[in-house]
Amino acid sequence: MEKYTILKKYFGYTQFRFGQSEIIDSILADRDVLCIMPTGAGKSICYQVPALVLKGITLVISPLISLMKDQVNALVQSGVNAAYINSSLTAGQYATVLRRALNGQYKILYVAPERLTTDEFIRLAEQLKIAMITVDEAHCISQWGQDFRPSYLKIIEFIERLSYRPIVSAFTATATEEVREDIIGILRLNDPVVITTGFDRKNLYFEVQKPTNKFSALLKILKRNSGKSGIIYCATRKTVENICDELNKHGFLATRYHAGLSDTERHANQDDFLYDRQPVMVATNAFGMGIDKSNVSFVVHYNMPKNIESYYQEAGRSGRDGDPAECVLFYSGQDVRTNQFLIDNSNENPELTEEMRQEVKQRDRERLKLMTFYCTTSECLRTYILKYFGEPSVNYCGNCSNCNTNFETVDITVEAQKIISCVYHITKLNKSFGKTMIIDILHGSQNERIHRFQLNALSTYRIMSDLPVHRIRSILDYLIENDYLMQINEEYPVIKLTKRYGEIIKDRKPVCMKLPKQIEPDKPRKTAALYDVDIRLFTLLKELRHKFAAAAHVPAYVIFSDATLRDMCRNLPQTNDEFLQVSGVGSVKMEKYADQFMGLIKTYLSGHPEIRNIQAIPIAQEEDRIREKEKSGSPGTYHAWTLAEDSQLKKEYNDGLSAREISAIHHRTIGAISSRLKKLGLKR
Ligand code: ADP
Ligand code: ZN
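Bear in mind the structure is a predicted one, so any value in this text is a computation, not a measurement.

Criteria and cut-off values
Residue positions are counted from 1 within each chain, in the order its sequence is given. In the order they appear in the text, chains get letters beginning with A and ligands get numbers beginning with 1. Owing to the predicted nature of the model, reporting of local features is limited to residues with pLDDT of at least 70; listing and counting of side-chain atom pairs is limited to 80 or more, with chain, interface and lining totals taken over all residues. Only hydrogens and water are set aside; all other atoms, that is, all heavy atoms of the structure, feed into the side-chain values. What counts as a helix is a DSSP run of H or I of at least four residues, what counts as a strand is a run of E of at least two, and both are numbered from the N terminus. Each residue's exposure class comes from its accessible area (1.4 Å probe, protein chains only) as a fraction of the maximum for that residue type: buried when under 20%, exposed when over 50%, partly exposed otherwise. Any two strands are treated as partners once DSSP identifies two or more bridges connecting them. Every axis in this analysis is a line fitted to C-alpha atoms, fitted for helices over the stretch in contact. Angles between the N-to-C directions lie between 0 and 180 degrees. In what follows, residue pairs with any heavy atoms lying within 4.5 Å of each other are defined as contacts. In this analysis a donor is any N, O or S atom within 2.8 Å of a metal ion (3.2 Å for sodium, potassium and calcium), and since water is not included, sites may seem incomplete. Sites are called tetrahedral only when four donors show all angles between 85 and 135 degrees, square planar or octahedral only when four or six donors show opposite pairs over 155 degrees and all other angles between 65 and 115, and irregular in any remaining case.

Draft legend 1. Spatial organisation of unusual backbone geometry. You will see that D30, though not glycine, has its phi angle at about 75°, which is positive. Mapping D30 onto the fold places it in the loop between α2 (20-28) and β1 (33-36). Since its relative accessible area comes to 59%, D30 is described here as exposed. The residue R188 is not glycine, and still its phi comes out positive at about 50°. As for its placement among the helices and strands, R188 is situated in the loop between α8 (177-186) and β7 (193-196). When its relative accessible area of 47% is taken as the criterion, R188 is described as partly exposed.

Printed below as a string of structure tokens:
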């Protein structure tokens with residue numbers, strides 16, 4: 001069978017995503033590959049599709065038992081013969097899997113790395129025709145990676161003990177240069193095709209908030225995402241406990257996960273989350289590796305993580321189904337101090353020499369600094385992340401809190417001089433203070449410490465009393481980010497001058513920065529309306545899906561993802577052929593589910609004939625809408641066109657209103673109206 005036929009038949013998709021085709025073709029041309037793709041980009045299909053084309057069996061090495069079970073469940077549901085071998089099997093189950101493998105019953109077998117080099121498994125391997133060995137989460141093989149697993153070293157031992165050499169394909173979401181070289185070197189990949197797809201995840205909305213009350217900010221996010229599934233990451237176990245308890249008191253179905261819980265409780269809670277019994281997970285960063293729940297709609301970081309790698313990986317657990325999802329980070333100065341403390345006091349790897357340890361710490365501090373800048377920058381957040389991963393990108397994405405805030409470029413020359421001269425005078429006194437104290441001096445606080453240190457006698461005391469504190473903080477952050485000042489660790493983080501301070505107070509260099517005009521924290525997410533479907537029908541379809549999932553003992557998304565159900569709402573399929581057109585429906589699932597789902601849709605339609613009139617819009621076209629920013633380039637004004645707005649627009653056009661009149665009704669620019677009319681095929 002050919003790759004497109006397989007993609008539709010088993011996975012229900014008609015198109016490959018960016019990079020997938022190239023990887024599959026390389027494997028089918030007998031090449032080793034190393035594939036680096038962000039979480040949620042669709043790595044599994046890159047080895048599952050060729051596994052079904054190749055003659056023989058594919059072994060997938062994966063670090064986590066829970067992940068294997070889910071992946072195998074999903075494959076079996078789609079009609080692929082697959083199984084797994086790991087420590088969760090009983091002796092009887094293990095024997096059955098081995099026997100079936102020998103009979104050639106499986107195309108894909110997931111194996112835990114520590115199982116590979118047992119004599120029994122090697123004997124089996126010699127009798128099997130292994131077409132490919134796929135190493136998932138391949139960064140686990142590198143000591144440079146964030147998740148080194150010594151058992152991964154058994155993979156190469158296993159490959160070398162075989163009397164033949166299968167194709168080896170390796171996959172990971174995080175790879176710095178060192179990790180990439182390690183994967184190629186340690187796995188002895190044979191002249192591999194290395195494919196790195198872009199790191200951008202267009203459907204994720206990024207936001208940084210600096211709330212005075214984090215918990216009430218969290219409640220707002222949960223309310224606007226009511227009924228949806230999400231993860232809240234906290235820095236400590238204690239915070240996890242508190243937040244989870246509070247959320248339960250407020251009536252949210254939330255569960256928790258951290259390393260302090262018993263194995264049994266962790267598993268139970270994780271399942272509650274996966275099966276949507278408790279759609280909200282409050283967790284430390286111990287949670288999530290290998291969780292590929294597709295319908296996570298939001299990830300909130302209650303505390304700032306220690307680096308951008310961790311942040312992007314954790315935030316990236318949302319929106320895997322391609323639907324819009326939001327990633328919100330709550331920032332506070334305390335988070336920086338906590339992380340700094342953890343870095344200073346970490347002694348994780350006892351094998352390091354003192355010199356290496358210092359080097360690692362230095363690198364961690366540098367990473368923390370760049371994480372902090374993410375929280376304080378007024379530039380496009382997506383651009384910031386992509387640049388961090390070395391990917392060039394335009395400076396405006398239109399789908400992050402910075403792009404959506406109205407910024408103005410402000411001359412801050414005088415403010416910069418005031419702040420820097422304040423730090424200068426403090427330095428003269430042989431003292432150093434943290435950010436808050438410096439702001440207190442400039443703003444003219446009367447607090448006890450100011451008086452104790454007699455800082456009210458400084459010439460810079462109160463010289464910025466006319467500015468709100470948050471503005472002073474933004475400007476101070478900007479000066480640190482741009483290297484005029486620095487934040488270094490003494491007993492606690494303090495602000496010092498850098499070599500460049502003279503440019504500001506001696507050379508009087510003009511400085512400008514972007515500052516928000518006004519903040520509208522609770523603007524509805526602009527992408528929310530994009531995927532408007534009939535919510536009642538969607539809910540009924542979800543209930544039906546739930547029945548099938550419960551009967552099969554699998555999470556709901558293994559039956560159909562939310563994106564697939566939404567596509568059903570749009571297309572309202574009534575024949576098997578139409579059902580097969582729905583994104584995410586392959587022929588096996590069509591056979592299993594078409595009758596019931598179409599039956600439900602038919603009944604619903606007879607009660608609500610009006611929904612037929614809502615024109616079906618394919619997902620791809622909707623994604624176009626997200627990208628369709630106003631070409632004028634003025635940021636902040638773009639928001640998506642909803643179906644209702646489109647139909648209103650058509651009516652106004654047909655009524656003969658001018659673009660100017662329509663523009664006034666919709667609060668959009670004339671240019672935006674004209675281009676929308678053109679897009680809808682309406683032209684005067
Ligand atoms: P990764 O392993 O890279 O984190 P997954 O393999 O779990 O990502 O894929 C993420 C989601 O994207 C899954 O729900 C998968 O079904 C979906 N997906 C993958 N490839 C495609 C495709 N070509 N078209 C549509 N959806 C896809
Ligand atoms: Zn942006």
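Draft legend 2. Highlighting the sheet that holds strand β10 (residues 254-257). Strand order in the open sheet formed by six strands is β8-β13-β12-β9-β11-β10, with parallel pairing between adjacent strands. The sheet terminates laterally at β8 (204-209) and β10, the two strands that pair on one side only. Strand-to-strand, the axes of this sheet are offset by a mean angle of 15°, without reference to chain direction. Pairing geometry for β10 and strand β11 (residues 280-283), over four bridges, is parallel. Note that in β11 the partner of Y257 across the bridge is A283. Helix α11 (residues 263-274) rests against β9 (229-233), β10, β11 and β12 (296-301) of the sheet, and its axis sits at about 140° to β10.

Draft legend 3. Quick peek at the coordination of the zinc ion (ligand 2). Within the protein, the zinc ion (ligand 2) binds to C380 (SG), C397 (SG), C400 (SG) and C403 (SG); these donor distances fall in the range 2.3 to 2.4 Å. Geometry at the zinc ion (ligand 2) is tetrahedral, judged from the four donor atoms that bind it and their angles of 102 to 119° at the metal. Sequence positions of the donors to the zinc ion (ligand 2) reduce to the motif C-x16-C-x2-C-x2-C. Accessibility expressed as a relative area gives 16% for C397, which makes it buried. On the accessibility criterion, C403 (5% relative accessible area) is buried.

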